[in-house]
Amino acid sequence: MNCSELTAGLIAAQCGQLETAGASGEVILIDFNTVDRADSTVTNNIISAIELLTGKYAYKFETFDRSLDEAGATFARGTYRNTFTHSVPLRIFVKTEGAKAFVNNLASGVKVIAILKNKATGVAGEVKYEAYGWDNGLEVSESAPTIAMADGVVYPLTLASTDTAQEGSLPKSVWVSTLAATETMLAGLFPTAPVEPD
């Protein structure tokens, strides 16, 4: 079976225009196992609906702008299929029990999807939000905190695809017809009232 075929051309540059690099310091984290895949919609690598299982919610990770700018995807050529390794750095600048619990929880093997808010938005906002790890989830691949706290980073960690669970594409765009509709859909992933811990 041949999965590859060139299907469209591309204008890959415009004179006098540069894309805006980086992402805002806000990440939406979703436990990979709480996504209702049957009721979520992905078409041509664009996510237009995200549904979570009943009683499950997304979480916000908020940090400084520029601290997420090393997020990316690395192409990996395989014998039978080519894949991408997604990675998202999370830098924590506070030393609290809550921060330690967050790192310990992720380090226990929790798989997550990370949705980043790009500064480059596309023509109408269609690439403002991108989901890393949608196919197979991301796990902590690296964390090496020191008490030196270089650049004020207390707990550095990286979420990444594992060697046996990579992604089939670049990070998927999250887009629902308009930017306003997209942001409404994303806002619906969070609880409207405080959630009591289990």
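Because the structure is predicted, anything quoted here is derived from the model rather than measured.

Asker: Is there a simple way to explain the sheet that holds strand 7 (residues 112-118) in this structure?
Answerer: Within a sheet, each strand pairs with its neighbour through backbone hydrogen bonds, oriented either parallel or antiparallel. In spatial order, the strands read 2-3-11-8-7-1-4; together these seven strands make up an open sheet with mixed pairing. Every interior strand has two partners, whereas the edge strands, strand 2 (41-43) and strand 4 (59-62), have only one. Direction aside, the axes of adjacent strands within the sheet are offset by 30° on average. Here two bridges tie strand 8 (residues 129-132) to strand 11 (residues 172-174), and the two strands are oriented antiparallel to one another. Its bridge partner being in strand 11, Glu-130 is matched across the sheet by Ser-173.

Asker: What am I meant to see in the sheet that holds strand 6 (residues 83-92) here?
Answerer: Spatial strand order, 5-6-10-9: four strands in an open sheet with antiparallel pairing. Each of the sheet's edge strands pairs with one partner strand only, and the pair in question is strand 5 (72-76) and strand 9 (139-143). The average undirected angle you get between the axes of adjacent strands in this sheet is 30°. Pairing of strand 9 with strand 10 (residues 155-160), which is carried by four bridges, proceeds in the antiparallel orientation. Its bridge partner being in strand 10, Glu-139 is matched across the sheet by Ala-160.

Asker: Help me understand the pairing of strand 6 in this model?
Answerer: The side chains of a regular strand alternate, residue by residue, between the two faces of the sheet. With respect to burial, strand 6 is a largely interior element, eight of its ten residues being buried. In this structure, strand 5 lies alongside strand 6, joined through five bridges in antiparallel fashion. Residue pairing in the sheet places Gly-72 in a bridge with Ser-87 of strand 6. Once strand 5 ends, the chain turns through six residues before running back antiparallel as strand 6.

Asker: What exactly am I supposed to notice about the packing of aromatic side chains here?
Answerer: Here the distance between the centres and the angle between the planes together describe a pair of aromatic rings. In total, this model carries three aromatic pairs according to the counting rule given. Arranged with centres 5.6 Å apart and planes meeting at 25°, the rings of Phe-61 and Phe-102 form a pair that is stacked. Taken as a pair, Phe-61 in strand 4 and Phe-102 in helix 1 (residues 97-107) lie far apart in primary sequence, 41 residues in all. In this structure Phe-61 comes out as buried when scored by relative accessible area, which is 8%. Residue classification places Phe-102 among the partly exposed residues on the basis of a relative accessible area of 27%. With centroids separated by 5.6 Å and ring planes inclined at 70°, the aromatic side chains of Phe-75 and Phe-84 adopt a geometry described as edge-to-face. Of note, Arg-37 hangs over the ring of Trp-134, and the distance from its end group to the ring centre comes to 4.5 Å.

Asker: For this particular structure, what's the right way to read helix 1?
Answerer: Since one α-helical turn is 3.6 residues long, residues separated by three or four positions face the same way. Ala-99, Val-103 and Leu-106 are the residues of helix 1 that are buried. Down the axis of helix 1, the buried side of the element spans an arc of 65°, and every buried residue falls inside it. Exposed side of helix 1, more than 90 degrees from the buried face: Glu-97, Gly-98 and Asn-104 are the residues found there. Summarising the contacts, the buried residues of helix 1 are in contact with strand 6, strand 7, strand 9 and strand 10.

Asker: What is the right way to look at unusual backbone geometry in this model?
Answerer: Note: most peptide bonds trans; most residues except glycine with negative phi. Here Arg-66, not a glycine, exhibits a phi torsion of approximately 75°, which is positive. Here Arg-66 falls in the exposed class, since its relative accessible area comes to 67%. If you check the backbone angles, Asp-151 has positive phi at about 60° while not being a glycine.

Asker: Just to check I follow, could you spell out the side chain of Lys-172 for this structure?
Answerer: Relative to the elements of secondary structure, Lys-172 occurs in strand 11. According to the relative accessible area criterion, Lys-172 is buried, its value standing at 5%. Polar contacts involving the side chain of Lys-172 include one to the side chain of Asp-135, which spans 3.1 Å. Dropping the residues within four chain positions of it, Lys-172 is found in contact with Val-42, Asn-45, Ile-47, Tyr-129, Glu-130, Ala-131, Trp-134 and Asp-135.

About the thresholds
- Residues numbered from 1 in each chain as written.
- Predicted model: local features only at pLDDT ≥ 70, side-chain atom pairs only at ≥ 80, totals over all residues.
- Heavy atoms only, no water.
- Pairing = 2+ DSSP bridges.
- Helix = DSSP H or I, 4+ residues; strand = E, 2+ residues; numbered from the N terminus.
- Axes fitted to C-alpha atoms, helices over the stretch in contact; angles between N-to-C directions.
- Buried < 20%, exposed > 50% of the residue type's maximum accessible area, 1.4 Å probe, protein only.
- Phe/Tyr/Trp six-rings, centres within 6.5 Å; stacked < 30°, edge-to-face > 60°.
- Lys NZ or Arg CZ within 6 Å of the ring centre and 35° of its normal.
- Arc of directions from axis to C-beta.
- Contact = heavy atoms within 4.5 Å.
- Polar contact = N/O pair within 3.5 Å; in protein donor to acceptor, adjacent residues only side chain to side chain.

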